[in-house]
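The chain contents come next:
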Amino acid sequence: MNVVVVGGGLAAANAVTELRAQGHSGDIVVVGEESHPPYERPPLSKGILLGSAEPDAALAHPRAWYDEHQVDLRTGTVVTGIDLDRRRVRLGAEELPYDRLLLATGATPRRLPMADASGAPVQYLRTLDDALALRDRLSEGARIAIIGAGWIGLEVTSAARQRGASVTVLEAAPLPLQRVLGDELARVFADLHREHGVDLRLGVRVAGVERVDDTAVVHVEGGAPVVADLLLVAIGVTPVDALAAGAGLAVDDGILVDARLRTPDPHVLAAGDVARHAHPALGTRIRVEHWDTAIQQGRHAARVMLGADEPYARLPYFFTDQYDLGMEYVGHVDATAGYDRLVVRGDLAARQASVLWLSDDRVLAGMHLNDWDAIDPLRAVVGGPATDAVRDPSVPLVDLM
Ligand SMILES: Cc1cc2nc3c(=O)[nH]c(=O)nc-3n(C[C@H](O)[C@H](O)[C@H](O)COP(=O)(O)OP(=O)(O)OC[C@H]3O[C@@H](n4cnc5c(N)ncnc54)[C@H](O)[C@@H]3O)c2cc1C
């Protein structure tokens, strides 16, 4: 069986690692647009910006690994089309045949056209090259403006403040991360950043971006303009699904795949940020933009290619590090509307706590702040029944396992 993987990111790297680990001996080609071998993105907004992590440490494998494992890794190469009938991918004029095709094309930052058109110093953060360019701009005294108080915007804010830059964050919602975390937890992150000297402006609308000399001037409706040496736009990502759509595969904000990560074409699967997957435990289709999902779905897709029949049922998991706050989250909930009760164990104000989101009868999601022993008990209860013990914050989390 001859496997082609499109996209040289984490899902791709883990798929080919698993194929070889399971003893697959057929040809494997990985085609990735970036010039680097597959790497992990979480350090790009953390250690690499802080100067505490080197780019090579982010690689999924050293470049030599691919030769050693007979994986034909083609970096700096774009797949331009897929012919499902003839089972071939196109790389410009060249064609590659496949028996199984994995689409792991990831996601790309949502653009802000008014910023792009301004000619001002504007940056996005997705790639290692973006991170290295950004690192060079986060110097002592630099003025950084950030549009978007999501995970990436806030992690860059934390790194920039630790490097001595002054940071203004502009967010349209009344609180940062409100949709993911809900008001109570979102306030923890707002307080955290304000305590670290961030000018966090919430509920604001950006009216325009202008270049003045070498600065970006961000105009805000009803407020003072923000003058910055660099403007980072961090307003979310969109899945890179046009290649799949162009081939005739079904897409809807991501490539639609079944519980086993298969598209309706039996030879084609999708994994990672680009896959909208029918989650068997959640009973809904979700597309998850997290590191753990890219790793686990990449591995799972490999096993399905080799004949495994299990659905991908793992719950979403993610983490963040900002200043001295580390947190991990497991589960899935729309925090603006989709839960009935929040149960807090510990002290949110002290940022030492664990939290459970409950519906009437189920535990939908759990998260801890700076309590690294909590993730296993959280994993044990999330997805299970919301018993009286779960609802009672005086019952220690470990006793729920
Ligand atoms: C700065 C940053 C920090 C993050 N921090 C965290 C974190 O702390 N915790 C967490 O859980 N998640 C984090 N994430 C998210 C996590 O990194 C992603 O979920 C993960 O990288 C997704 O992996 P992927 O392989 O699906 O896609 P990607 O990593 O996006 O890889 C896809 C690759 O495919 C390539 N490609 C696309 N189209 C083509 C084509 N036609 N031909 C060839 N190549 C193509 C792209 O260039 C890209 O290199 C972070 C992301 C970023 C950007």
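The structure this text deals with has already been given above.
Residues numbered from 1 in each chain as written. Predicted model: local features only at pLDDT ≥ 70, side-chain atom pairs only at ≥ 80, totals over all residues. Heavy atoms only, no water.

A. Highlighting the overall build of the protein chain. Each helix and strand in the protein chain was counted, giving 12 helices and 26 strands. Expected size for 401 residues packed as a compact globule is a radius of gyration near 21 Å; at 22 Å, the protein chain falls within 12% of this value. Projecting the C-alpha coordinates of the protein chain onto the three principal axes gives extents of approximately 60 × 60 × 35 Å. Partitioning the contacts of the protein chain with sequence separation of at least 6, the portion at a separation of at least 24 is 61%. The protein chain carries 38 positive and 56 negative side-chain charges, and their two centres are separated by 3 Å. (Helix = DSSP H or I, 4+ residues; strand = E, 2+ residues; numbered from the N terminus. Rg over C-alpha atoms; globule rule 2.2 N^0.38 Å. Contact = heavy atoms within 4.5 Å. Lys, Arg positive; Asp, Glu negative; His and termini not counted. Charge placed at Lys NZ, Arg CZ, Asp CG, Glu CD.)

B. Structural detail: the nonpolar core. Ranked by internal contacts, the top residues of the largest apolar core, which has 52 residues, are Leu181, Leu185, Phe189, Tyr329, Trp357 and Met367. It is helix α8 (residues 183-195) that contributes the most residues to this core, six residues altogether. Those residues in contact with Met367 that sit more than four places away from it in its chain are Leu181, Leu185, Phe189, Met327, Glu328, Tyr329, Ala353, Ser354, Val355, Trp357 and Leu378. (Core = buried A, V, L, I, M, F, W, Y, C linked by side-chain atoms within 4.5 Å. Buried < 20%, exposed > 50% of the residue type's maximum accessible area, 1.4 Å probe, protein only.)

C. Seen up close, the side chain of Asp83. Here Asp83 is to be found in strand β4 (residues 81-83). Residue classification places Asp83 among the buried positions, given a relative accessible area of 18%. Reaching out from Asp83, the side chain makes a polar contact with the backbone nitrogen of Asp85 at a distance of 3.1 Å. When sequence neighbours within four positions are dropped, the list of residues in contact with Asp83 reads Arg88, Arg90 and Tyr98. (Polar contact = N/O pair within 3.5 Å; in protein donor to acceptor, adjacent residues only side chain to side chain.)

D. View of the packing of helix α1 (residues 10-21) against helix α10 (residues 291-305). Orientation of α1 relative to α10, taken along the N-to-C sense of each, is 40°, at an axis distance of 7 Å. With respect to their mutual orientation, α1 and α10 come out oblique. For the pair α1 and α10, the sense of crossing is right-handed. Residues Leu10, Ala11, Asn14, Ala15, Glu18 and Leu19 of α1 form the contact with α10, whose own contacting residues are Trp291, Ala294, Ile295, Gly298, Arg299, Ala302, Arg303 and Met305. Considered class by class, the residues forming the contact of α1 with α10 number nine nonpolar, two polar and three charged. (Axes fitted to C-alpha atoms, helices over the stretch in contact; angles between N-to-C directions. Parallel < 35°, antiparallel > 145°, perpendicular 65-115°, else oblique. Left-handed = near helix turned anticlockwise from the far one by under 90°. Nonpolar A, V, L, I, M, F, W, Y, C, P; charged D, E, K, R; others polar.)

E. Spatial organisation of the packing of aromatic side chains. All told, the structure shown has seven aromatic pairs when counted by the stated rule. Relative to Tyr329, the ring of Phe318 has its centre 4.8 Å away and its plane inclined at 25°; by these criteria the two rings are stacked. Placement of Phe318 in strand β22 (residues 317-322) and of Tyr329 in strand β23 (residues 325-331) is noted, with a sequence separation of 11 residues between them. Residue classification places Phe318 among the buried residues on the basis of a relative accessible area of 6%. Exposure remark for Tyr329: the relative accessible area of 3% places this residue in the buried category. Among the aromatic residues, those joined into a cluster by ring pairs are Trp151, Phe189, Phe318, Tyr329 and Trp357. One cation-aromatic arrangement involves Arg111 over Tyr124; the distance from NZ or CZ to the ring centre is 3.8 Å. (Phe/Tyr/Trp six-rings, centres within 6.5 Å; stacked < 30°, edge-to-face > 60°. Lys NZ or Arg CZ within 6 Å of the ring centre and 35° of its normal.)

F. Local environment of the sheet that holds strand β18 (residues 255-257). With mixed pairing, three strands are arranged side by side in an open sheet as β18-β20-β21. With one partner strand each, in any of the chains shown, β18 and β21 (284-286) form the two edges of the open sheet. Going from strand to strand, the sheet's axes swing by 25° on average, the running direction of each strand aside. Pairing between strand β20 (residues 275-279) and β21: three bridges, direction antiparallel. The partner of Ala278 across the bridge, within β21, is Arg285. (Pairing = 2+ DSSP bridges.)

G. The arrangement of the sheet that holds strand β10 (residues 143-147) in detail. The five strands lie next to each other as β9-β16-β10-β11-β12, forming an open sheet whose pairing is parallel. One side of each edge strand has no neighbouring strand; the edge strands of this open sheet are β9 (122-123) and β12 (199-202). Bridge analysis of β10 against strand β11 (residues 166-171) gives five bridges, and the strand direction is parallel. Bridge assignment links Ile146 to a residue of β11, and that residue is Val169.

H. Representation of the pattern of salt bridges within the structure. Counted by the stated rule, this structure contains 21 salt bridges. Its salt-bridge partner being Asp83, residue Arg86 comes within 3.2 Å of it at the nearest N-O pair. Of the charged contacts, one joins Arg260 and Asp309 as a salt bridge, the two residues approaching to 3.0 Å between their closest N and O atoms. In this pair, Arg260 sits in the loop between β18 and β19 (268-270) while Asp309 sits in the loop between α10 and β22, placing the two residues 49 residues apart along the sequence. Each of Asp83, Arg86, Arg88 and Glu95 takes part in a single network of salt bridges with overlapping partners. (Salt bridge = Lys/Arg side-chain N within 4 Å of Asp/Glu carboxyl O.)

I. Just the site of the ligand, in detail. The full set close to the ligand counts 36 residues, and Glu34, Arg41, Lys46, Arg126 and Asp273 are the nearest of them. In this structure, an oxygen atom belonging to the ligand sits 2.5 Å away from a side-chain N or O atom of Lys46. Considering the ligand on its own, with 1000 Å² of exposed area, one finds that the protein chains cover 94% of that surface. Of all the elements in the fold, those that place two or more residues in the shell around the ligand are α1, α6 (151-162), α10 and β22. (Near = heavy atom within 4 Å. Areas by Shrake-Rupley, 256 points an atom, 1.4 Å probe, with all protein chains shown as cover.)

J. Spatial organisation of α10. Helix length check: α10, at 15 residues, gives a terminal C-alpha distance of 21 Å against a target of 21 Å (1.5 Å per residue), a fit within 8%. Taken across its 15 residues, α10 has 12 buried, putting it largely inside the fold. Looking only at α10, the buried set comprises Asp292, Thr293, Ala294, Ile295, Gln296, Gln297, Gly298, His300, Ala301, Ala302, Val304 and Met305. Buried-residue contacts for α10 involve β1 (3-6), α1, β7 (100-103), β19, β20 and β22. (Expected span 1.5 Å × (residues − 1).)

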